Amino acid sequence: MTMLVSLNSMKNYLGIPLVNTTHDTFLTDNITLVSDAIEEYCNRSFTQQTYVQTFFKNDMPCEVGKELRLFHYPVISITSVKERDTYASTVEYSVTDFLSVKYLGMLKKLPDCTSQPWFYYGRVLEVEYVAGFSSIPVPLTQVVYAIVGDKYSKHTSGVDTNFGSDAQRVSIPGVVSIDYDYSLQANDRKSPLGMILGNYLNVCDAYRSDRSIIGEVRAVYVD
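The rules behind the values
- Each chain has its residues counted from 1, following the order in which its sequence is written.
- Only residues with pLDDT of 70 or above have their local features reported here, since the model is predicted, and side-chain atom pairs are shown and tallied only from 80 upward, although totals for entire chains, interfaces and linings are computed over all residues.
- Only hydrogens and water are removed before side-chain values are computed, so all heavy atoms of the structure are retained for them.
- For the purposes of this entry, the term helix denotes a DSSP run of H or I that reaches at least four residues, the term strand denotes a run of E that reaches at least two, and both are numbered from the N terminus.
- Exposure is judged per residue with a 1.4 Å probe applied to protein chains only, and the accessible area is read against the type maximum: over 50% gives exposed, under 20% gives buried, and values in between give partly exposed.
- Contacts were defined at the residue level, with two residues in contact if any of their heavy atoms lie within 4.5 Å.
- Strand pairing follows a simple DSSP-based rule, namely that at least 2 bridges must link the two strands.
- Angles shown run from 0 to 180 degrees and are taken between the N-to-C directions of axes, each axis being a line fitted to C-alpha atoms and, for helices, limited to the stretch in contact.
- A 3.5 Å cut-off defines polar contacts: any pair of N or O atoms within that distance qualifies, except that in protein one atom must be a possible hydrogen donor and the other a possible acceptor, and neighbouring residues in sequence count only when both atoms are side-chain atoms.
- Each Phe, Tyr or Trp ring (for Trp, its six-membered ring) is paired with any other whose centre lies within 6.5 Å, and the angle between the two planes then decides the class: stacked below 30 degrees, edge-to-face above 60, tilted in between.
- Each angle is binned into one of four classes, with values under 35 degrees roughly parallel, values over 145 roughly antiparallel, values of 65 to 115 roughly perpendicular, and all other values oblique.
- The handedness criterion is simple: a crossing whose near helix is rotated anticlockwise from the far helix by less than a right angle is left-handed, and one whose near helix is rotated clockwise is right-handed.
- Note on residue categories: nonpolar means Ala, Val, Leu, Ile, Met, Phe, Trp, Tyr, Cys or Pro, charged means Asp, Glu, Lys or Arg, and polar means any other residue, Gly included.
- Count a disulfide wherever a pair of cysteine sulfur atoms falls within 2.5 Å.

Just checking my understanding: could you explain the overall build of the protein for this structure?
If you tally the helices and strands in the protein, you get six helices and 10 strands. Each of the 223 residues in the protein was classed as buried or not, and the buried ones make up 38%.

Take a look at the structure:
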């Protein structure tokens, strides 16, 4: 379960006293929904976690070279880098054997002519690392606040306050004024997640990752 903003932060944004727990379940569910949608659309996780990524030589390009890209980034720290064969002992690299370009999530063998390329010792390479943002980017937290805030307003008042950019108004002076949304938002059609993120897809675009998983990646959870 991902929450890019905390429940208390959301309640402060909405002006709800922290002691008022009436809508906590509703807010938590929607914070999680929007946060998960953002991470799925951006193809990355933003909260800090420990990962183990296993690369298999057979899945790599013919010439792997001395650069290796991790799926999750930015990288906070590298715990270990190990190589092994199916029936061979594991060889663990020293931190002096490679450079970690943390903001790119990239491991580079040191530019020493004696430094061997990756998979020199075996056909399986395992990297354990911590990746994610120390603080969630402000534009993304504002997206969560705005979307959940709209949902909360509709939940409590029964009125949808988000009419979209295609809304047009029909008015009878002194009697009634009604907003109509005549067409589906372009962003709603742009992605299956557009129905959740709406016009905020454009904000999320700046944080999208084009990386595909090579090998296997799993999060490490500590009780």
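Looking at this structure, I do not really get the environment of Pro74. What am I missing?
Its place among the elements puts Pro74 in the loop between strand S2 (67–69) and strand S3 (75–84). As for Pro74 and Ala131, which are separated by 57 residues in sequence, their C-alpha atoms are 5.6 Å apart. Sequence-distant contacts of Pro74, defined by excluding residues within four places in its chain, comprise Arg44, Lys102, Tyr103, Ala131, Gly132 and Phe133.

It is not clear to me how the sheet that holds strand S5 (residues 98–101) should be interpreted in this structure. Could you clarify?
The pairing of strands in a sheet happens through backbone hydrogen bonds and is either parallel or antiparallel. The strand order across the open sheet built from three strands is S2-S6-S5, with neighbouring strands paired in antiparallel fashion. Unpaired on one side and paired on the other, S2 and S5 mark the two borders of the sheet. Strand-to-strand twist across the sheet, computed as the mean angle between neighbouring axes with direction ignored, equals 20 degrees. In terms of strand pairing, S5 meets strand S6 (residues 106–109) through four bridges, oriented antiparallel. Looking across to S6, one finds that Val101 is bridged to Met106.

So what exactly am I meant to see when it comes to the side chain of Thr2 here?
Positionally, Thr2 belongs in the segment before helix H1 (7–14). Here the side chain of Thr2 touches Asp36 through a polar contact of 3.4 Å, side chain to side chain. Separated by 3.2 Å, the side chains of Thr2 and Glu39 make a polar contact.

Where do I start with the side chain of Thr141 in this structure?
Counting through the fold element by element, Thr141 comes out in helix H3 (residues 138–157). Leave out the neighbours within four places in its chain, and Thr141 touches Leu4, Val5 and Ile136.

How do you make sense of the packing of aromatic side chains when you look at a structure like this?
Two measures describe an aromatic ring pair: the distance that separates the ring centres and the angle between the ring planes. This structure, assessed with the given rule, holds six aromatic pairs. Centroid distance Tyr13 to Tyr145: 4.7 Å. Interplanar angle 10 degrees. Geometry classified as stacked. Of this pair, Tyr13 sits in helix H1 while Tyr145 sits in helix H3, placing them 132 residues apart in sequence. Summarising the aromatic geometry, the rings of Tyr51 and Tyr129 are spaced 5.8 Å apart at their centres and angled 35 degrees between planes, so their arrangement reads as tilted. On the criterion of sequence distance, the pair formed by Tyr51 in strand S1 (residues 49–56) and Tyr129 in strand S7 (residues 124–131) is long-range, its members being 78 residues apart.

Teacher, can you tell me more about the packing of helix H2 (residues 24–42) against H3 here?
When two helices pack together, their arrangement is given by the angle between their axes and by how far apart the axes lie. As a packed pair, H2 and H3 sit with axes 10 Å apart at the nearest point and diverge in direction by 140 degrees. Overall, the two elements H2 and H3 adopt an arrangement that is oblique. Between H2 and H3 lies a crossing whose hand is right-handed. Contact residues: Phe26, Leu27, Asn30, Ile31, Val34, Ser35 and Ile38 in H2; Leu140, Val143, Val144, Ile147, Val148, Lys151, Tyr152 and His155 in H3. Partitioning the contact of H2 with H3 into residue classes produces 11 nonpolar, three polar and one charged.

Any chance you could explain the environment of Ala219 here in plain terms?
Mapping Ala219 onto the fold places it in strand S10 (residues 216–220). Measuring from C-alpha to C-alpha, the distance between Ala219 and Gln53 comes to 8.7 Å, with 166 residues separating the pair along the chain. Ignoring anything within four residues of it in the chain, the contact list for Ala219 reads Gln49, Thr50 and Tyr51.

Mind showing me how you'd approach the state of the cysteines here?
Covalently bonding the sulfur atom of one cysteine to the sulfur atom of another cysteine gives a disulfide. By the definition in use, this model includes zero disulfides. No disulfide involves Cys42; its nearest neighbouring cysteine sulfur is the one of Cys204, lying 4.7 Å away. Taking relative accessible area as the criterion, Cys42 reaches 0% and is therefore assigned buried. Under the relative-accessibility criterion, Cys204 is labelled buried at 0%.

Purely geometric stuff here, so don't read any function into it on its own.
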